[in-house]
Amino acid sequence: MSLAFKNEKTEIESSHHHNEKADRAESCDSYHPCTRISAYHPKKWYSKYHSLIWRNLGPLMILPVTGSAQAEAMWFFENISIKHLNEYRPCESWRKTLIFFSQTVPSVRYAAIALALIHRNYLYRDSSDRVQQPQSSRDWLRDNAPLFHYNRAIRLLLNRENGDSTEITAVTLLVCYLFTCFDHLAGNYVQAMKHLRGGVELSRSIDKAILNNHSTYDDSEPSGVRTLICQITRQIRRLDMQAVLFLVDWTPVDIRETFMSQLPPSDGTFRSLDLAADHLQTLVARVMRLRNTEQQMSPMAKIPPSLSSLKDTVLGQLETWSSSFENRLQQGRPYETDSETHPLVSLLRLQQTIACTLLSCCGPGREMDYDNFLPQFQQCVALAGDVAAAHERYSGSLRPTFTPEIGIIPVLYIIGVKCRHPMVRREVLGILRRQPTQEAVWDSISAARVVERVIEIEEGGFGEGQMIQSMEQIAVCQRIEAMSWVHVACGQSAARLDISYTFCGQEGLHIESLLI
């Protein structure tokens, strides 16, 4: 099974891409006036006070706000967008970092505004509330407004020659992160991955001594810059590791080194939930690399011994992770073990369980093996329901939400297409359709539509409108083994999904188009 959207091969680009829409946006200065803001503070002032400011990042507004539209966009970024960017792994210090730099650095400011604008459009895309917004809000909800600020951020970033090189690198990394989020929301997935890969490569070029707080630079260098580099590198590497969940040809940078650095201590207990999450994320990436490798094999081929051995190794590591994780929960603070107040616990258990299940059924022609894992699938649906309920409480409504991080959507998709139990599949559809949610390129409505089509194909021989009673009723030759899709935007027309799939043990590719 392919868990990937088909996409053109990503490339690493050192310069930012300007498309024809971007060029057209340059002409909107005449009716969307913005004052060019300079934030190049004297270096003496910056070095003296930046570290002090960093320790107390309050609602500080250094850059002037040019009009109510910008003020509303900044409010939305600080109170709505940031809240959802790291919903699954919230971090107060990272939130303060985003606010501080969006308020003090022009390129980050415009990137943040661009993200806020397109995020707001996404949030209200199907809502009559857009019509009821104040006039100033309707002004900055124009389709070309996000792109205008996006390009302004690029120009300011490329023209920035003053300042410390480490500071410029830190700001560039932060803008790469915001642009990755922007292009995911804009549906420019290839461009989003270019920004992500560029950010990863840039972070690798930084002296590792800085990241380990053993800087070889001048001691007068503001500690806040090093803190930012550590924080943004962590965020970008996390997105890099998660990209294997939707790109079959993606290999996370330094996946082996990252895994070795995150091994639990000798006593078998993680020092924190966050460290456990990082370790599991690397394991899940290794599982997906194995899955993607076997997906390229012929349906009748046998798994090479080396691949089988690696599979057993990773399965053992997942079991070790589970033991260390449960040890952490037993020794941790009470709030860490409460799945209602800390949904990360349910999310991690969910991802570990589905990773073990996928790996246990790894190999061509083994679709029937999934029937043996019904208890695990049922457990996963219950855990996903807990995370979805927490997500609903967190967002405060059933409006569409977005995060660049991967949570429950691909897991629910896997269950929907691999667990043939009719009731479990319908529960999956209920969760996916309850609240429109986008996690990086995964969106719950598209995933639900694909799962529905798989159900139609696999259960189609039992009479229209009738639901099968047991998994065994679906013969192996009726089971879809590999499924992938492309999300196609059609201008003013309804979007569609171009899907392709193969049946278990059979040659030949089937292609269809689905309206969303």
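Please read all numbers here as calculations on a predicted model, not as lab measurements.

Before going further, it helps to spend a moment on the overall build of the protein. A tally of regular secondary structure across the protein gives 21 helices and six strands. With 516 residues in all, the protein has 56% of them scored as buried. Here the analysis covers contacts within the protein between residues at least 6 apart in sequence; of these, 74% occur between residues at least 24 apart. Put simply, the protein shows about 22200 Å² of open surface, and 51% of that area lies on carbon and sulfur atoms.

Another aspect to go through is empty space enclosed by the protein. Evaluation of the coordinates by the stated rule reveals four cavities of 30 Å³ or more. Reported here for the largest cavity is a volume of approximately 300 Å³. Together, 26 residues line the largest cavity, and Leu 245, Gln 281, Val 284, Gln 351 and Ile 406 are the ones closest to its centre. Within the residue set of the lining of the largest cavity, elements represented by two or more residues are helix H12 (223-242), helix H14 (273-295), helix H17 (344-360) and helix H19 (409-418). Within the lining of the largest cavity, the residues separate by chemical class into 20 nonpolar, four polar and two charged. Put simply, the second largest cavity is a space of about 50 Å³. Lining the second largest cavity are Thr 180, His 184, Leu 196, Leu 239, Gln 242, Phe 246, Pro 404 and Ala 440. Of all the secondary structure elements, the ones that give two or more residues to the lining of the second largest cavity are helix H9 (165-186) and H12. Across the lining of the second largest cavity, the residue classes tally to five nonpolar, three polar and no charged.

A word on the sheet that holds strand E6 (residues 510-515). Spatially, the three strands line up as an open sheet ordered E4-E5-E6, and their pairing is antiparallel. Each edge of the sheet is formed by a strand with only one pairing partner; in this case those strands are strand E4 (480-488) and E6. Direction aside, the axes of adjacent strands within the sheet are offset by 25 degrees on average. Pairing of strand E5 (residues 496-503) with E6 involves six bridges; the strand directions are antiparallel. Opposite Leu 497, over in E6, you have Leu 514 as the bridge partner.

What follows is about the packing of aromatic side chains. Counted under the stated rule, the structure contains 11 aromatic pairs. Look at Tyr 413 and Trp 442: their rings are 5.4 Å apart centre to centre, the planes differ by 55 degrees, and that puts the pair in the tilted class. Placement of the pair is Tyr 413 in helix H19 and Trp 442 in strand E3 (residues 442-443), with a sequence separation of 29 residues. Pair check on accessibility: Tyr 413 and Trp 442 agree, each one buried. Considering the side-chain rings of Tyr 413 and Trp 485, the 5.1 Å spacing of their centres and the 65 degrees angle between planes classify their relative orientation as edge-to-face. A residue pair is termed long-range when its members are at least 10 positions apart, and Tyr 413 in helix H19 and Trp 485 in strand E4 qualify at 72 residues. Of the two residues examined, Tyr 413 and Trp 485, each falls in the buried class. Over the aromatic face of Tyr 394 sits the side chain of Lys 83, whose NZ or CZ is 5.0 Å from the ring centroid.

Residue position: Ala 69 is located in helix H3 (residues 68-85). Counting along the chain gives 44 residues from Ala 69 to Ile 113, while the straight-line C-alpha distance between them is 9.7 Å.

Moving on: the pattern of salt bridges. Considering all chains together, one arrives at 22 salt bridges under this definition. The closest approach of N and O atoms between Arg 420 and Glu 458, which form a salt bridge, is 3.0 Å. In this pair, Arg 420 sits in the loop between H19 and helix H20 (422-434) while Glu 458 sits in helix H21 (residues 444-459), placing the two residues 38 residues apart along the sequence. Relative accessible area serves as the criterion here: at 0%, Glu 458 is assigned to the buried category. One salt bridge connects Arg 449 with Glu 452, and the closest N-O pair in it is separated by 3.9 Å. With Arg 449 and Glu 452 both in helix H21, this residue pair falls three residues apart, about one helical turn. Connected through salt bridges with shared partners, the residues Glu 367, Lys 418, Arg 420, Arg 425, Arg 426, Glu 458 and Glu 459 form a single ionic network.

The subject of this paragraph is the packing of helix H18 (residues 374-395) against H20. Viewed as axis vectors pointing N to C, H18 and H20 meet at an angle of 15 degrees, and their least axial separation amounts to 10 Å. As judged from the angle between their axes, H18 and H20 are roughly parallel. As for the relative orientation of H18 and H20, their crossing is left-handed in sense. Within the contact between the two elements, H18 uses Leu 374, Gln 378, Val 381, Ala 384, Gly 385, Ala 388 and Glu 392 and H20 uses Val 424, Glu 427, Val 428, Ile 431 and Arg 434. Residue composition of the contact of H18 with H20, grouped by class: seven nonpolar, two polar and three charged.

Between its first and last C-alpha atoms H9 spans 31 Å; for 22 residues at 1.5 Å apiece the expected length is 32 Å, and the two agree. Counting buried positions along H9 gives 18 out of 22 residues, so the element sits mostly inside the fold. Looking one or two places after H9, you find Gly 187, whose phi comes out positive at around 80 degrees.

On average, residues of the protein score 78 in pLDDT, and 72% of them are at 70 or above. With pLDDT under 50 throughout, residues 1-62 is counted as low confidence; its partners more than four residues away or in other chains account for 139 contacts. For the stretch residues 128-142, pLDDT sits under 50, and the model shows 29 contacts to residues farther than four places along the chain or on other chains.

What follows concerns the packing of H17 against H19. Across the interface, H17 lies against H19 with an axial gap of 11 Å and an inter-helix angle of 40 degrees. Overall, the two elements H17 and H19 adopt an arrangement that is oblique. Crossing of H17 over H19 shows left-handed handedness. Residues Leu 350, Ile 354 and Leu 358 of H17 pack against Val 411, Ile 414 and Ile 415 of H19. Class assignment for the residues of the contact of H17 with H19 results in six nonpolar, no polar and no charged.

Note on soluble globular proteins: their nonpolar side chains tend to be buried together. Residues Leu 115, Tyr 177, Phe 246, Leu 318, Tyr 413, Ile 415 and Trp 442 are the most contacted members of the largest nonpolar core, which totals 137 residues. Here this core gets 12 residues from one element, more than from any other, and that element is helix H5 (residues 106-123).

About the thresholds
Residues numbered from 1 in each chain as written. Predicted model: local features only at pLDDT ≥ 70, side-chain atom pairs only at ≥ 80, totals over all residues. Heavy atoms only, no water. Helix = DSSP H or I, 4+ residues; strand = E, 2+ residues; numbered from the N terminus. Buried < 20%, exposed > 50% of the residue type's maximum accessible area, 1.4 Å probe, protein only. Contact = heavy atoms within 4.5 Å. Areas by Shrake-Rupley, 256 points an atom, 1.4 Å probe, with all protein chains shown as cover. 1 Å grid on protein atoms, 1.4 Å probe; cavity = no way out; pocket = protein on both sides within 12 Å on 5 of 7 lines; lining within 4 Å. Points joined across faces, edges and corners; volume = space filled by probe spheres on them. Nonpolar A, V, L, I, M, F, W, Y, C, P; charged D, E, K, R; others polar. Pairing = 2+ DSSP bridges. Axes fitted to C-alpha atoms, helices over the stretch in contact; angles between N-to-C directions. Phe/Tyr/Trp six-rings, centres within 6.5 Å; stacked < 30°, edge-to-face > 60°. Lys NZ or Arg CZ within 6 Å of the ring centre and 35° of its normal. Salt bridge = Lys/Arg side-chain N within 4 Å of Asp/Glu carboxyl O. Parallel < 35°, antiparallel > 145°, perpendicular 65-115°, else oblique. Left-handed = near helix turned anticlockwise from the far one by under 90°. Expected span 1.5 Å × (residues − 1). pLDDT = per-residue confidence, 0-100. Core = buried A, V, L, I, M, F, W, Y, C linked by side-chain atoms within 4.5 Å.

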